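Commentary on secondary and tertiary structure
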Amino acid sequence: MNKNQTKANKSMTLKKAQRNLKKFRKSGFYRVMYEKGVFYFLLSFIIPAVIMTLAFKKNGIHPFGDNQMLVVDLWHQYFPFFKVVREKLMSGGSFLYSWSNGLGTNFLSLISYYAASPLNWISVFFKDENIRDALTFILIAKIGFSGAFFSCFLRYTFKRRDISICIFSTLFALCSYMLGYYWNVMWFDTVALFPLVMMGVVAICREKKWLTFTIALAVSLAANYYIAYFTCIFTVFMFAAMLILNAKGFKDALIKLWIMARSAVLGIALAGFMLLPAYFGLQMTYSVNNTFPTEMTWYESWTDIFANLISYSEPAMKEGLPNFACGMLAIILFGVFLFSGGIKIREKISVLLGLAIIAVSCNMNILNYIWHGFHFTNMIPYRFAFIFSFILLAAAYRAYDVILTNGIKIYQIIAMFAFTWVVFYLNYAKAAATDDGFKMTEPIKNSLIITGAFILIFIAVKVYPFTNKNVRNAVLSICIGAAVITECSSNAVIGVKKVGSSSYNGYLTRYDEAQILLDKARENETTPFFRTEMTKTWTLNDSSLYGYYGLSQFSSAANVSVTRFARKLGLYASEAGNRYYYRISTPIVNSMLGFRYIISKDGALNSEEMALSEFANENGVYMYSNNYPLSIGFMADKGILEMPENALSDPFAYQNTLFRLASGIDKDCFTPQPVALADYGENITVNKQSYGKYTFSRTGDTKGSASVYYTYDGVAGSYLYGYSSAYGCSKIDVTCDNNIVDSNIAIDDYPIVFPMGNGQEGTQTTVEIKTKEDQASGNYDLKVYALNQEVFESEYSSLADEQLEITEFSDTKIVGNVNALKDGVMFFSIPYEKGWSVFVDGEKVESIKLAGAMLGAEIPSGSHEITLKYVPEGFAAGTAASAGSLVICGVIACLDRRRRKNGVPEEAEKPSPAANEPVKMTDLKDSDEKDLSNIPAAADNTDAPDEKTDGSNEKS
């Protein structure tokens, strides 16, 4: 009796559970989470995000340790610009222009490459001291979205919603490209959106649905136009392939081509508010001057490239082979993809062509040049290599989909061995060709182990007599997924270790002291605008990092005219290096560029008593005020219009001419000085070619470095300044009467002007030039000039009495008053751009480009109100294009919706009678595996009822 009762209770419980399950499956939550695929979307986000977080923890990345992920350009560029974006978000500043670096920068153009990610807005929820952690978590989120959006592509393209899509999404999100290049954090919004754009291409070719493609392309372009350029190129190939697989005749192909072209134009136009200013901004950079390669060359060995598909290898970080690797499972299943008879030949050809296009484009100089925006990259090669991983993983999932649908076949297991053997053989051949011969390395050993694990799982599932296909598929996917997580976790740790890290606590050196000094300077000033700089740089964008208005800038958006101007003045500058930055310079430079304060983080200065006075110090950090400040605008003589744009013989000659023409006083501030004494030391021979130009050669023992010494006599009423450039020399030290003035002045990369102390008549200043270690020969320039204080102060006074007194200042508008004593030219220490408009008493006047770089305008004599307004060139037109495109998209979407509502079919292929009927897997044989191009799609945006799931649509 008790047994019967127990049995009855179990039966009732089971029936109740079945009713509850049935009720749950009818609920909105179930529909959203499972039928719509939200659960798998979230899981595809969480898995790679958690793995990347644990990899950071393993490598001690803050907040899990004392390291940070800021390295290379993430240290110098990306984080400083990210910090400025956050500050503008917090303060409500304009995103059109920034005064933080470069003397003023088209900020919209700059962030269109560096910091336009919508995820950057998250940073406002972090405290100031945790901004670097915010960037770390934003990167982790981008890695997660890479997986999530790849799951969307797989779910839509292959009509499957089960745990398998999470497996392959994790492989994409943690492929070697992501792990080697993640420090280029600004790329990864567009990399993450790439699968969504490709999903949109598939939707156009299958169902003529265009909205996903249009929106995804627009967001990609707005987030980072550079990587989105790769997306646009591959979209052409992807569309051609999908059209071949899905077109139902010539007319249908033309209709889809029209929808594709229209959608692409709308997507580009939607991002016009970012793209047009970025385009015009790029016209002012060095990168616009490129030469198309005339000869075809190849970069790498094909054996090396494809051997690099192996897992557990260090990814390329700055230099190296293309980052193609995306897990051993992709390699294993690619063989199945190639040899499965039910996959159409045209599908295989499309995939092989896609892989070949990317591989050849990486390795051939001409195609590589075109892919990279008609530009050869400076480090970080093969920046579009993630597309190879995308294609390979999509093909691998196609093969996995066949296995899940029809079960594992013997020939498929053989195919798994075949292609994997090719990759391992290439690694053997690569190693055997070296002097050391083949050795079993850790990457090869671990790849063999994980490959064996994958194949054993497939064999075990093949052998085990499963009676239920859904159970078989679930077991297979769970086991494969566990192996993939193990592999990806190891690869993530390897990748983070390869990229490296820096000290978290040591990054913002003397930051607190600098902030205290900057606050004191702001309290001291009555003008709302003044510039500051530091004697030595910590990053190449210190003004962005420390929060002051400065000169230094290192970015691809650097105005090349300003770079040349800075180089002519004798500052560190490189056109090809996209950089110019400050190092303590002459009074002429400090005055004309509007520097009111100079900060020394290395203690008190031993020079510049004439030009600088100590303003304040904080714990060994000193701030000096400029004794000869000029406003951001001042009246200059019309002679400045005759300033030549080409560089003169040296920076002192250029500064002489610039200051003389600006002041209207025909006297030179700088005069060249002879060498009083030269000492060449031992083991070195020096030959003088002309004034200030020397060659050297080492004699005898050339190990270590050698030094040469030049001594100069002080000049009454003057101060000495030197200029040096070198090939084969590294540093300069300066002493005045045996007292150190400056040391370790780098001259090996860029020429530089430097002060030589306060020596007057009766003193001697010595310059020591050090050759590079083991350098057998080379050359160097050393020119020393004396700045005549009386002449300088006379010319300065002629400029200082007609300065612009600023009454209103913002990021995009400056208002001030000036009393011009005579007709002249107002010199603005602002980089010239067409976006600037100058108004005199409310009337717009013509802007002039002064000295080939700076903004100016002719001003008549008298008292005037001067107004400057800035709108980036192309911003108005781009915003209009974006608004117009948005309206057109809305109209087309409404018309499409009305047609569907009224039951009027779109001009799409008519679905077959069985379009909305479930596919009976038992009706499929291995010889007629599905051709995805022939699967009819549902008529709306919801998932087709015949999507494959983990069993919810099939009877057990």
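Overview of the structure. (Residues numbered from 1 in each chain as written. Predicted model: local features only at pLDDT ≥ 70, side-chain atom pairs only at ≥ 80, totals over all residues. Heavy atoms only, no water.)

Observations regarding the overall build of the chain
- Secondary structure summary: the chain contains 28 helices and 33 strands in total.
- By the compact-globule yardstick of 30 Å for 956 residues, the chain fits well, its C-alpha radius of gyration being 33 Å.
- For the chain, the spread of C-alpha atoms along the principal axes amounts to about 115 × 70 × 65 Å.
- When the 956 residues of the chain are sorted by exposure, 57% land in the buried category.
- In the chain, of all internal contacts separated by at least 6 residues, the share reaching a separation of at least 24 is 76%.
- Of the roughly 39,000 Å² of accessible surface on the chain, a fraction of 57% belongs to carbon and sulfur atoms. (Helix = DSSP H or I, 4+ residues; strand = E, 2+ residues; numbered from the N terminus. Rg over C-alpha atoms; globule rule 2.2 N^0.38 Å. Buried < 20%, exposed > 50% of the residue type's maximum accessible area, 1.4 Å probe, protein only. Contact = heavy atoms within 4.5 Å. Areas by Shrake-Rupley, 256 points an atom, 1.4 Å probe, with all protein chains shown as cover.)

Details of the pattern of salt bridges
- All told, the structure shown has 29 salt bridges when counted by the stated rule.
- Note that Glu 314 is salt-bridged to Lys 498, the shortest N-O span being 3.7 Å. A residue pair is termed long-range when its members are at least 10 positions apart, and Glu 314 in the loop between α14 (302-307) and α15 (328-339) and Lys 498 in helix α21 (residues 469-499) qualify at 184 residues.
- Between Glu 513 and Arg 510 there is a salt bridge, with its nearest N and O atoms 3.6 Å apart.
- Since its relative accessible area comes to 14%, Glu 513 is described here as buried. (Salt bridge = Lys/Arg side-chain N within 4 Å of Asp/Glu carboxyl O.)

Some remarks on the layout of surface pockets
- The computed volume of the largest pocket comes to approximately 1,200 Å³.
- If you go around the largest pocket, you meet 46 residues; those closest to its centre are Tyr 225, Tyr 226, Leu 282, Ser 287 and His 375.
- Listed by contribution, the elements that provide at least two residues to the lining of the largest pocket are α4 (72-91), α5 (107-114), α11 (225-246), α12 (250-270) and α13 (272-282).
- Per element, the largest residue contribution to the lining of the largest pocket is 6 residues, and it comes from α13.
- Partitioning the lining of the largest pocket into residue classes produces 26 nonpolar, 17 polar and 3 charged.
- In this structure, the second largest pocket encloses a volume near 830 Å³.
- Taken together, 34 residues make up the lining of the second largest pocket; nearest its centre are Lys 83, Glu 87, Arg 522, Tyr 546 and Gly 547.
- Looking at the lining of the second largest pocket, the elements that each hand over two or more residues are α4, α6 (131-158) and α22 (511-524).
- It is α4 that provides the largest number of residues to the lining of the second largest pocket, a total of 8 residues.
- Across the lining of the second largest pocket, the residue classes tally to 14 nonpolar, 8 polar and 12 charged. (1 Å grid on protein atoms, 1.4 Å probe; cavity = no way out; pocket = protein on both sides within 12 Å on 5 of 7 lines; lining within 4 Å. Points joined across faces, edges and corners; volume = space filled by probe spheres on them. Nonpolar A, V, L, I, M, F, W, Y, C, P; charged D, E, K, R; others polar.)

A look at α22
- Taking 1.5 Å per residue, 14 residues should reach 20 Å; α22 reaches 20 Å between its end C-alpha atoms and fits that length.
- Tucked inside the fold, the buried residues of α22 contact β6 (531-534), α23 (542-546), β10 (595-600), β11 (612-618) and β12 (621-626). (Expected span 1.5 Å × (residues − 1).)

Notes on the sheet that holds strand β30 (residues 848-850)
- With antiparallel pairing, 4 strands are arranged side by side in an open sheet as β13-β27-β31-β30. Both edges of this open sheet fall to β13 (633-636) and β30, since each of them pairs with a single strand only. In this sheet, neighbouring strand axes are inclined to one another by 40° on average, regardless of whether the strands run parallel or antiparallel. (Pairing = 2+ DSSP bridges. Axes fitted to C-alpha atoms, helices over the stretch in contact; angles between N-to-C directions.)

A short note on the nonpolar core
- Among the nonpolar cores identified, the biggest contains 187 residues, and Phe 168, Tyr 177 and Leu 333 are the most heavily contacted of them.
- A total of 16 residues in this core trace back to one element, the largest contributor, which is helix α18 (residues 386-406).
- The next biggest cluster of nonpolar side chains, apart from the first, holds 54 residues, and it includes Leu 571, Phe 659, Leu 787 and Val 825. (Core = buried A, V, L, I, M, F, W, Y, C linked by side-chain atoms within 4.5 Å.)

A few points about the environment of Ala 746
- By the element assignment, Ala 746 lies in strand β21 (residues 739-746).
- C-alpha of Ala 746 to C-alpha of Ser 313: the two residues are 433 residues apart in sequence and 37 Å apart in space.
- Beyond its immediate sequence surroundings of up to four residues, Ala 746 is in contact with Tyr 572, Ser 730, Lys 731 and Ile 752.

Concerning the sheet that holds strand β20 (residues 729-736)
- Spatial ordering of the open sheet is given by β15-β18-β23-β20-β21, a layout of 5 strands whose pairing is antiparallel. The open sheet is flanked by β15 (677-679) and β21, the only strands paired with a single partner. Across the sheet, the mean angle from the axis of one strand to that of its neighbour is 15°, orientation sign disregarded.
- By the bridge criterion, 5 bridges tie β20 to β21 in an arrangement that is antiparallel. For Thr 735, the partnering residue across the bridge sits in β21 and is Ile 740.

A few points about a nonpolar patch on the surface
- Together, Trp 421, Val 422, Tyr 425, Tyr 428, Phe 438, Met 440 and Leu 448 make up a nonpolar patch on the protein surface, roughly 710 Å² of accessible area in all.
- Tallying contributions element by element places helix α19 (residues 410-432) first for the nonpolar patch, with 4 residues. (Patch = residues over 30% accessible without salt bridge, like charges linked within 9 Å, V, L, I, M, F, W, Y side chains within 5 Å.)

Details of the pairing of strand β17 (residues 693-698)
- Along β17, the buried face is formed by Tyr 694, Phe 696 and Arg 698; none of Lys 693, Thr 695 and Ser 697, which line the opposite face, is buried.
- Examined bridge by bridge, strand β16 (residues 684-690) and β17 share 6 bridges and lie antiparallel to one another. Within β17, the residue paired with Thr 685 across the bridge is Ser 697.
- In sequence, β16 turns back onto β17 through a hairpin of 2 residues, with Gly 692 there showing a positive phi of about 80°.
- Note: β17 against strand β24 (residues 777-788), 5 bridges, orientation antiparallel. From the neighbouring strand, Tyr 694 faces β24, where its bridge partner is Tyr 780.

Observations concerning empty space enclosed by the protein
- Per the counting criterion, the structure on display carries 10 cavities of 30 Å³ or more.
- Put simply, the largest cavity is a space of about 170 Å³.
- Lining the largest cavity are 19 residues, with Ser 176, Ser 311, Ser 313, Ala 325 and Asn 491 sitting closest to its centre.
- Secondary structure elements with two or more residues in the lining of the largest cavity: α8 (176-181) and α21.
- Considering each element in turn, the lining of the largest cavity owes the most residues, 3 residues, to α21.
- A breakdown of the residues in the lining of the largest cavity according to their chemical character gives 10 nonpolar, 7 polar and 2 charged.
- Computed from the structure, the second largest cavity encloses a volume of approximately 100 Å³.
- Grouping the constituent residues of the lining of the second largest cavity by class yields 6 nonpolar, 9 polar and 1 charged.

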